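Chain residues, written in single-letter form:
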Amino acid sequence: MLLPRFTRLAPSLRLRRPPTSPAYASFSTTASARMKVLPVPVRDDNYAYLLIDDSTNKAAAVDPYDVPKVQAAAEKAGVQIVAGITTHHHFDHSGGNQAFSTAYPGAPIYGGSNKIPALTNQVKDKDEFSVANIHVRCLATPCHTQDSICYYVTDKSGNHPGGVFTGDTLFIAGCGRFFEGTGAEMHAALSYLATLPPQTVVYDGHEYTKSNLAFAKSVDPENPGLARLEKLIKDGIQPNERTTIGDEKEWNPFMRLDSAPIQKATGGGESGAAMDALRTLKNNFRG
Ligand SMILES: [Zn+2]
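Quick caveat: nothing in here was measured; it's all calculated off a predicted structure. (Residues numbered from 1 in each chain as written. Predicted model: local features only at pLDDT ≥ 70, side-chain atom pairs only at ≥ 80, totals over all residues.)

**As for the overall build of the protein**
Turning to step 1, where the next piece is worked out: Each helix and strand in the protein was counted, giving nine helices and 13 strands.
Turning to step 2, where the next piece is worked out: Going through the 287 residues of the protein one by one, you find that 50% of them count as buried. (Helix = DSSP H or I, 4+ residues; strand = E, 2+ residues; numbered from the N terminus. Buried ≥ 20, exposed ≤ 12 C-beta atoms within 10 Å, placed from the backbone.)

Have a look at this one:
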């Protein structure tokens, strides 16, 4: 059963799904929407996703690490997988690509560098492609890895608010570690994501919400947005429920470098240095 969720939404977080409904039911949008996104939890805390065009029952698999699990989800949803999308080369995101290419021969696999296994279509910033009737725009966000690409997805019906697959660049109330980049690059990446429409739904690569909230509160304790996020968690926010770019601009400390509390926490200064300082605080946080 697919629930008409966005019709009842406040502009940001989705309502609770009924406790008995399947985990994949929550991402349905309005009855006439063509695009929907189904999360497929893999490994301990990773998310793969199915990006589905309802009008054709075709789908792309985003970071399909566990191919049998993604296949099962596709079968359950009654959709045909026609493409793979990779957010970055790290094994917990791209490690299923070889099996994917065997299971779906001929399906393109998109990604930002040739470090990604079984890549067929290397993309760069502002590249665009389609998955059935879904439009995909590539946003290069180098820092966590140099090949990190975020994928902004919209459909022609306009009934879905749009979404962005952020991999390990942007998490709910947090961001990825700077393994291959600098604070200045992460600031540029998150500022780039901040230009997306505020209603854009964030589909990130890991479930880190609780630990990110704890850190965010430590540096921005008076932020009412964080109180809202905390209440949502206490009320039983489900791991398959997602926030928006507008939410993240309100409560994500890494997107609020210019705010007084974050400036105080980081010592201020130019944005790259402030981002590095904030990331160091997060790395050392033992909340
Ligand atoms: Zn990663």
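Still to come is the rest of the account.
**Focus on the packing of helix α5 (residues 209–219) against helix α6 (residues 224–234)**
Helix-helix packing: each pair is described by the crossing angle between the helix axes and the interaxial distance.
Turning to step 1, where the next piece is worked out: Contact geometry of α5 with α6 gives a least axis separation of 11 Å together with a crossing angle of 150°. By the angle between their axes, α5 is roughly antiparallel relative to α6. Between α5 and α6 lies a crossing whose hand is left-handed. On α6, the residues that touch Thr209, Lys210, Leu213, Ala216 and Lys217 of α5 are Leu226, Leu229, Glu230 and Ile233.
Turning to step 2, where the next piece is worked out: Each residue belonging to the contact of α5 with α6 can be placed in one class, and the counts come to five nonpolar, one polar and three charged. (Axes fitted to C-alpha atoms, helices over the stretch in contact; angles between N-to-C directions. Parallel < 35°, antiparallel > 145°, perpendicular 65-115°, else oblique. Left-handed = near helix turned anticlockwise from the far one by under 90°. Contact = placed C-beta atoms within 7 Å. Nonpolar A, V, L, I, M, F, W, Y, C, P; charged D, E, K, R; others polar.)

**What about unusual backbone geometry?**
Turning to step 1, where the next piece is worked out: The phi angle at Ala132 is positive, at roughly 50°, despite the residue not being glycine.
Turning to step 2, where the next piece is worked out: Tracing the chain through its elements places Ala132 in the loop between β7 (128–131) and β8 (134–140).
Turning to step 3, where the next piece is worked out: Taking the number of C-beta atoms within 10 Å as the measure of exposure, Ala132 has 21 and is therefore buried.
Turning to step 4, where the next piece is worked out: The phi angle at Ala173 is positive, at roughly 60°, despite the residue not being glycine.
Turning to step 5, where the next piece is worked out: Topologically, Ala173 is positioned in the loop between β11 (170–171) and β12 (174–175).

**Things to note about the pairing of strand β10 (residues 163–167)**
Turning to step 1, where the next piece is worked out: Extensive coverage of β10 is indicated by the burial of five of its five residues.
Turning to step 2, where the next piece is worked out: Neither face of β10 is exposed, since Gly163, Phe165 and Gly167 on one face and Val164 and Thr166 on the opposite face are all buried.
Turning to step 3, where the next piece is worked out: Pairing of strand β9 (residues 149–155) with β10, which is carried by three bridges, proceeds in the antiparallel orientation. Following the sheet pairing, Tyr152 is matched in β10 by Val164.
Turning to step 4, where the next piece is worked out: Alignment of β10 against strand β13 (residues 201–204), held across four bridges, turns out to be parallel. Looking across to β13, one finds that Gly163 is bridged to Val201. (Pairing = 2+ DSSP bridges.)

**Comments concerning the pairing of strand β2 (residues 46–53)**
Turning to step 1, where the next piece is worked out: In terms of burial, β2 is largely enclosed, as eight of its eight residues are buried.
Turning to step 2, where the next piece is worked out: Across the two faces of β2 the burial is the same, with Asn46, Ala48, Leu50 and Ile52 and Tyr47, Tyr49, Leu51 and Asp53 all buried.
Turning to step 3, where the next piece is worked out: Relative to β2, strand β1 (residues 35–42) is paired through eight bridges, and the arrangement is antiparallel. By the bridge assignment for β2, Val37 is matched with Leu51.

**Remarks on the sheet that holds β13**
Turning to step 1, where the next piece is worked out: With respect to topology, five strands assemble into an open sheet ordered β7-β8-β9-β10-β13, the strand pairing being mixed. Pairing within the sheet leaves two strands with one partner each, and these edge strands are β7 and β13. For this sheet the average axis-to-axis angle between neighbouring strands, irrespective of direction, equals 25°.

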